[in-house]
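Take a look at the letters that make up each chain.
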Amino acid sequence: MSEHLACFESTDGIARVILPFDYNQAIADWAALRKTMVRRVPDAFTRDEWAYLVTFLDHENLTAPFVRSFGKPAPTADSSAGMVYRPRGGIAVWLPNNVSLLGPLVMVLLSLTGQPIRLKLGSTIDDLAGAFLEYARQHLSEGDLKSLLESGVTAERFGRGDPRQSELARWARVRIVFGTDEAAEAVHGLPHPLESVGISFVDRQSEAWVDEGALNDEVLGTLLKVFAIYGQAGCTSPRRVVLIDGSASQATGLRDRLLELWPKVIRAETPMHTASENVMAAQWSRAAVMASSW
């Protein structure tokens, strides 16, 4: 693949990004795949997971990381451009055991860099990354993105003591680890190139803080859909819902309304192979719905 120059403009000036292919075309190819996805759902995915993935491939959504990182797309800049960015090289990702959909999502985003990608799957999680990789290879239009997925992207499962663990760290110019603090320390402690970079997404939690007056059924339905895919296990899934200036009785009412809405919003039971690996009804009985006064 030949080099492509993409230019962006922000308050910091013009930034030039050198990629091995046209990132706009790669985004367009991912977005075009959605037409096929709405007709053909692989057995490995639940419909909720597949619907989330289809939504994720929206053109505007995939363009957002470039805009947030470099600014708005700009005409080709002259030699006075302030900054020049180039990918570091091969990217290795250690995926967790608790969010199976993370693999496909990360693969899509990283593919826009045009770099080789090696995904190390969690030891016990279903291989949605590999399933979606194979699906994309079959149904994407011919082009640089499809060529990258066919020859430059892999998804493998192996244990901590496997020699491929060390080989992966030695190969990668960027190491991305999802998991515990201990797992991240172990990966980054492996021999690796001095110029390489390690990025860790470790033990994090999120909460939903909501004004009681904003909790209509539409908002609650959105919250339920997030839990149906991730449960409380995902770092972007709320571990608890906090009612701002709420009372204990309002918190109880919210809990009861969520239980009422669940079968209406989530019409099929989420199987155990999904990210949370929690039974839906048990999950909400354990979820902490709190009332907080400020």
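Going by the structure above, here's the rest.
Here is a short report on the structure shown in this document. (Residues numbered from 1 in each chain as written. Predicted model: local features only at pLDDT ≥ 70, side-chain atom pairs only at ≥ 80, totals over all residues. Heavy atoms only, no water.)

## So, the pattern of salt bridges
A complete count under the given rule lists 13 salt bridges for this structure. A salt bridge links Glu 167 to Arg 118, with the nearest nitrogen and oxygen atoms 2.9 Å apart. One end of the pair, Glu 167, is in helix H7 (residues 163–171); the other, Arg 118, is in strand S6 (residues 117–121), and 49 residues separate them in sequence. Judged by its relative accessible area of 30%, Glu 167 is partly exposed. Two residues, Glu 156 and Arg 164, come together in a salt bridge whose shortest N-O distance is 3.6 Å. Salt bridges sharing partners connect three or more residues here, namely Arg 118, Glu 156, Asp 162, Arg 164 and Glu 167. (Salt bridge = Lys/Arg side-chain N within 4 Å of Asp/Glu carboxyl O. Helix = DSSP H or I, 4+ residues; strand = E, 2+ residues; numbered from the N terminus. Buried < 20%, exposed > 50% of the residue type's maximum accessible area, 1.4 Å probe, protein only.)

## With respect to the sheet that holds strand S5 (residues 91–94)
One open sheet holds the five strands; their spatial order is S7-S6-S5-S8-S9, and the pairing between them is parallel. One side of each edge strand has no neighbouring strand; the edge strands of this open sheet are strand S7 (153–157) and strand S9 (197–201). Sheet twist, expressed as the mean angle between neighbouring strand axes with direction ignored, is 15 degrees. Sheet analysis places S5 next to strand S8 (residues 174–178), joined by four bridges and oriented parallel. Bridging across to S8, Ile 91 finds its partner in Val 174. (Pairing = 2+ DSSP bridges. Axes fitted to C-alpha atoms, helices over the stretch in contact; angles between N-to-C directions.)

## Quick word on unusual backbone geometry
Of note, the phi angle at Asp 245 is positive, near 55 degrees, even though the residue is not glycine. Tracing the sequence through the fold places Asp 245 in the loop between strand S11 (238–244) and helix H10 (248–265). The exposure class assigned to Asp 245 is partly exposed, which follows from its relative accessible area of 49%.

## Quick word on the environment of Tyr 135
Among the structural elements, Tyr 135 can be located in helix H5 (residues 128–139). Given the relative accessible area of 7%, Tyr 135 is considered buried. Separated by 94 residues in sequence, Tyr 135 and Val 41 place their C-alpha atoms 9.5 Å apart. Those residues in contact with Tyr 135 that lie beyond four places of it in its chain are Leu 33, Thr 36, Met 37, Arg 40, Pro 42 and Trp 50. (Contact = heavy atoms within 4.5 Å.)

## Details of empty space enclosed by the protein
Summed over all chains, the structure comprises one cavity of 30 Å³ or more. Estimated volume of the largest cavity: approximately 50 Å³. In terms of lining, the largest cavity is formed by Leu 95, Pro 96, Val 99, Ser 100, Leu 102, Gly 103, Leu 121, Gly 122, Ile 125, Asp 126, Leu 128 and Ala 129. Among the elements of the structure, helix H4 (102–111) and H5 are those that each provide at least two residues to the lining of the largest cavity. The class makeup of the residues in the lining of the largest cavity is eight nonpolar, three polar and one charged. (1 Å grid on protein atoms, 1.4 Å probe; cavity = no way out; pocket = protein on both sides within 12 Å on 5 of 7 lines; lining within 4 Å. Points joined across faces, edges and corners; volume = space filled by probe spheres on them. Nonpolar A, V, L, I, M, F, W, Y, C, P; charged D, E, K, R; others polar.)

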